[in-house]
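Single-letter residue listing:
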Amino acid sequence: MLPKKLLVTGGAGFIGSNFVRFWLEQHEDCSIAVLDKLTYAGSVENLEGAEKDPRCTFVQGDVCDRDVVDALMAEADAVVHFAAETHVDRSILAAGDFIQTDVFGTFVLLESAREHRVDGFVHVSTDEVYGELLEGWAKETAPLMPRNPYSASKAGGDRMAYAFFATYGVPTIITRGANTYGPYQYPEKLVPFFVTRAVRDEPLPLYGDGRQVREWLHVSDHCGAIEVLLERGEPGQVYNVAASNERRNIEMARIILDELGKSESLLRFVKDRPGHDRRYALDCSKLHSLGWRPKADFDAEIRATIRWYAKHRDWCECALARSKAYFEEQYADRA
Ligand code: DAU
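About the thresholds
- Residues numbered from 1 in each chain as written.
- Predicted model: local features only at pLDDT ≥ 70, side-chain atom pairs only at ≥ 80, totals over all residues.
- Heavy atoms only, no water.
- Helix = DSSP H or I, 4+ residues; strand = E, 2+ residues; numbered from the N terminus.
- Buried < 20%, exposed > 50% of the residue type's maximum accessible area, 1.4 Å probe, protein only.
- Polar contact = N/O pair within 3.5 Å; in protein donor to acceptor, adjacent residues only side chain to side chain.
- Near = heavy atom within 4 Å.
- Areas by Shrake-Rupley, 256 points an atom, 1.4 Å probe, with all protein chains shown as cover.
- Nonpolar A, V, L, I, M, F, W, Y, C, P; charged D, E, K, R; others polar.

A. The environment of Thr 180, seen in detail. Its location among the elements puts Thr 180 in strand β7 (residues 179–181). Accessibility expressed as a relative area gives 6% for Thr 180, which makes it buried. With 62 residues separating them in the primary sequence, Thr 180 and Ala 242 have C-alpha atoms 8.8 Å apart. Here the side chain of Thr 180 touches Ala 178 through a polar contact of 2.9 Å, landing on its backbone oxygen. At 3.0 Å, the side chain of Thr 180 and the side chain of His 222 are in polar contact.

See below:
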């Protein structure tokens, strides 16, 4: 049975805000409380369309703050936990916030969920916890070998969510999703970052040889998978979420340039990301066995996404302005 009252952490971020809109559209008889700290990556603007909906309430706060969490948990049937520090490059520069939010914040939520006996708790983890996979596809039983501070923090939260199921019976379900694309992603990530660079005729900095492989999942499919898991996922289980769209980074950069009518002379090979995972790839047969299949057509949707960022230049510029120091530091020797 689907929960009626949801607590969505990180609901003003990328996947979270898309999920909130998706849920309100799909489920008339529902209510959502969004808890979001509004760090550099989150914004109430991302909740466009949902922010005035009477079924949706927004609370600015930190998942590490037990009092705020308890007040919201007391009213919730189920939790979808997106809130996290998510950018690998930032975790390489400074890991503390990742450990605090992604591990300790998850623990605070789990403690509160345990006390308030919620009916469901979806913990949104990542395919990065498996580490790089040079061949084959990782099943949920594959060893966890995270190789950067971000993915190590996510692995900590992921296993803590499982520990709360095994130890205390909190009905946690863990998703390990692939690289997600779509509107409202903070423009530090490959797709929106490269679009914002290309529209200004600035070079696209490909780390290393640009031949690393990521699997691309449209955000609507990511949201649909979480919906299926809230309805019929098995507590204590992990589910991979991907759509079999493997692309090299250089291919992604070429699609972006092609869609925007820009020259490939904008491609630049720059100093690599330390510990850069070469490839991620997921076996999703477990999720398929619940009846879920991705619906988005990659070629059409990636181009629609590129056009969305090109059209929302003000949104991008405003988001970028919140992180001037970061971009200067990250790309100083990669320009
Ligand atoms: O795989 C799921 C993960 O995907 C999520 O858990 C993370 O939160 C999300 O950030 C993403 O991680 P990646 O490190 O794969 O995403 P990012 O967009 O940072 O980079 C995608 C690829 O593009 C990666 O191989 C690094 C490369 N890249 C990225 C940037 C920002 C470049 O070559 N140049 C760049 O400037």
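B. Examining the site of the ligand more closely. Of all residues adjacent to the ligand, which total 25 residues, the nearest are Asp 127, Tyr 150, Asn 179, Arg 273 and His 276. Within the backbone of Thr 86, a nitrogen or oxygen atom sits 2.9 Å from an oxygen atom of the ligand. In the environment of the ligand, an oxygen atom lies 2.8 Å from a nitrogen or oxygen atom belonging to the side chain of Glu 128. Taken by itself the ligand offers 690 Å² of open surface, and the protein chains cover 95% of this. Secondary structure elements with two or more residues in the shell around the ligand: α6 (190–199) and β8 (204–207). The residue makeup of the shell around the ligand, split by class, is eleven nonpolar, eight polar and six charged.

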